[in-house]
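# Breakdown of the fold
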Amino acid sequence: MSNNNNTKFTATLVNETDKNIIVALRNETNLSEKELMTLVIAAALTMKDEILTQAAALIETQTVERAQRKVAAYEALKQQLQVMRAANKTAKQEKTSKTAAVAA
């Protein structure tokens, strides 16, 4: 089913190399930008299953990487808390020792 409401979108190219590839393809085919993009969309539709498979793999990878970053951040925070608790314990012990020395 085609959605023909002329909603505009911007196709973001990954980098300058991608842009150069598209420009070279336009030059090689002697097509207008609209004609070339129509063919690109047609090609994408014929490869839809492969695109969906690769997209799912990419999302899975990103999800795993995000989870790994969260675990690493949690471990770093846990380490910082241990250091802070040790410093507080040492400070408390020093204060207790000084108080005992003053009382004696």
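Residues numbered from 1 in each chain as written. Predicted model: local features only at pLDDT ≥ 70, side-chain atom pairs only at ≥ 80, totals over all residues. Heavy atoms only, no water.

## Regarding the overall build of the chain
The test is simple: Numbering goes from the N terminus for both helices and strands, where a helix is a DSSP run of H or I of at least four residues and a strand is a run of E of at least two. Here's how the labels work: a residue is buried when its accessible area is under 20% of the maximum for its type, exposed when over 50%, partly exposed in between, all with a 1.4 Å probe on protein chains only. All accessibility values rest on the Shrake-Rupley procedure with a 1.4 Å probe; residue burial counts only the protein chains present in the view.
In terms of helices and strands, the chain carries three helices and zero strands. In sequence order, the secondary structure elements of the chain are arranged as α-α-α. Split into buried and exposed, the 104 residues of the chain put 1% on the buried side. Per element, the accessible surface of the chain, about 9700 Å² overall, is 60% carbon and sulfur.

## Some words on the pattern of salt bridges
Our working definition: Salt bridge, as used here: a side-chain nitrogen of Lys or Arg that lies within 4 Å of a carboxyl oxygen of Asp or Glu.
Scanning the entire structure with this criterion turns up two salt bridges. One salt bridge in this structure joins Arg26 and Glu33, with 4.0 Å as the shortest N-O distance.

## Overview of helix α1 (residues 16–29)
Stated formally: Any helix carries an expected span of 1.5 Å times its number of residues minus one. As used in this structure description, the phrase polar contact means that two N or O atoms lie within 3.5 Å; if the pair is within protein, one of them must be able to donate a hydrogen and the other to accept it, and residues adjacent in sequence are counted only when both atoms belong to side chains.
In this model, α1 (14 residues) spans 20 Å end to end at C-alpha, consistent with the 20 Å of a helix rising 1.5 Å per residue. With a side-chain oxygen positioned 3.0 Å from the backbone nitrogen of Thr17, the residue opening α1 is Asn15. Where α1 ends, the next residue or the one after it, Asn30, has phi of about 60°, a positive value.

## Considerations on a nonpolar patch on the surface
How we decide: Patch construction takes residues with relative accessible area above 30% that form no salt bridge. Like charges are linked within 9 Å, and nonpolar side chains (Val, Leu, Ile, Met, Phe, Trp, Tyr) are linked within 5 Å.
A contiguous nonpolar patch, built from Leu77, Leu81 and Met84 and spanning about 270 Å² of accessible area, is present on the exposed surface. Its place among the elements puts Leu81 in helix α3 (residues 48–103).

## Some thoughts on the confidence of the model for the chain
Inclusion rule: pLDDT is a residue-level measure of predictor confidence that goes from 0 to 100.
Confidence in the prediction of the chain, expressed as mean pLDDT, is 87, and 87% of residues score 70 or more. Averaged pLDDT values for the elements of the chain fall to 88 in α1 and rise to 93 in α3.

## With respect to unusual backbone geometry
Of all residues except glycine, most have a negative phi; of all peptide bonds, most are trans. Even without a glycine there, the phi angle at Asn30 is positive, about 60°. Turning to its location among the elements, Asn30 is positioned in the loop between α1 and α2 (33–46).

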